[in-house]
Amino acid sequence: MTKSANSIRIGTMVKAAGEDAAARISKIADMGFESFEPFFWQTTNGQNLAELGKRCVDAIGSRDITISTLGMFGNPLEETEMDLQTLQGWKDCIDNAHHFGATCVAGFTGRIRNKPLTDSLPRYKQVWSELAKRAADKGVKIAFENCAMDGNWATGDWNIAHNPDAWELMFNETPDDNIGLEWEPCHQMVYLIDPLPQIRKWAHKFFHVHGKDATIRWEVIKEHGIFGKEKFVFMRTPGFGDSNWTDIISELRLAGWSGSIDIEGWHDPVYRDALEMTGQIHGLNYLKKSRGGEFVADPA
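The protein chain is annotated in an unreviewed UniProt entry as Sugar phosphate isomerase of Rhizobium tubonense.

Following this line, the structure appears as structure tokens:
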């Protein structure tokens, strides 16, 4: 892989909460992925992250593969037992990111449940100002995925970072340089927001990118609307959705962005379960082709 191509890597996410992330990495490391994002769902299950990080690095071995980002997904703003485990998981991921070679931890902001989005801002500022300082002291960035988790401006229970209007409010509350976004076009498309202009405005806050797309069924919208019984949008693996990833990656390059695009699988309605890896390999090759450069000699 050339130096130019190396500035944007194409990889995938690896479950770590209830599975052995290192074993999974070892199993798929020779399939062509250039990066991995080990991620936890709500809890680390008490794992020793320093030891897990070392095992993940050992599983990669001498391959030209990186782990730039860890994922910690849950609601750290409220105080149920699981919410407190999520908050502790964020602290543990921040403290142990270096054992994975990672410089970023990503996930949801959390939310005060079933309240308007703006009601979460005071608690958001309290929690994330502290975590941002903790992360900065360790050279780690924090990235919020732009996923609504079926929430909206009026209500929800996971995340407030799903709307660009919310980003303005959030970054006013936490102007820290190491707080940004784990962005993907899919989560804007499911709310009929055009993702491309966002890159031009917000790429300086993109610390990590998820490889996930969407198919919008405009014929369903025209006949049934977006609140009817018919599903009007599907999350897709890149290469099967509506986005032109050559355009997305070009806009990222124009903005000076570099980093990893890690595929978020298992959502695709067709390429899931037994067909998930078939879809992921297609998405991997599609994104590499969209990126270009891997077969071009380095002019330097």
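Still to come is the rest of the account.
## Concerning unusual backbone geometry
Not every positive phi belongs to a glycine, and Met149 is a case in point at roughly 50°. Counting through the fold element by element, Met149 comes out in the loop between β5 (141-145) and α6 (164-173). Judged by relative accessible area, which is 27%, Met149 ranks as partly exposed. At Trp266, a residue that is not glycine, the phi angle is positive and equals roughly 65°. If you trace the backbone, Trp266 turns up in the loop between β10 (259-263) and α11 (276-291). Residue class for Trp266 comes out partly exposed when judged on its relative accessible area of 22%.

## Some points on the packing of helix α2 (residues 21-28) against helix α3 (residues 49-60)
Here α2 crosses α3 at 10°, and the two axes come no closer than 8 Å. Considered as vectors, α2 and α3 are oriented roughly parallel to each other. When α2 is examined against α3, the residues Ala21, Ala22, Ile25 and Ser26 are found in contact with a partner set consisting of Leu52, Arg55, Cys56, Ala59 and Ile60.

About the thresholds
Residues numbered from 1 in each chain as written. Predicted model: local features only at pLDDT ≥ 70, side-chain atom pairs only at ≥ 80, totals over all residues. Heavy atoms only, no water. Helix = DSSP H or I, 4+ residues; strand = E, 2+ residues; numbered from the N terminus. Buried < 20%, exposed > 50% of the residue type's maximum accessible area, 1.4 Å probe, protein only. Axes fitted to C-alpha atoms, helices over the stretch in contact; angles between N-to-C directions. Parallel < 35°, antiparallel > 145°, perpendicular 65-115°, else oblique. Contact = heavy atoms within 4.5 Å.

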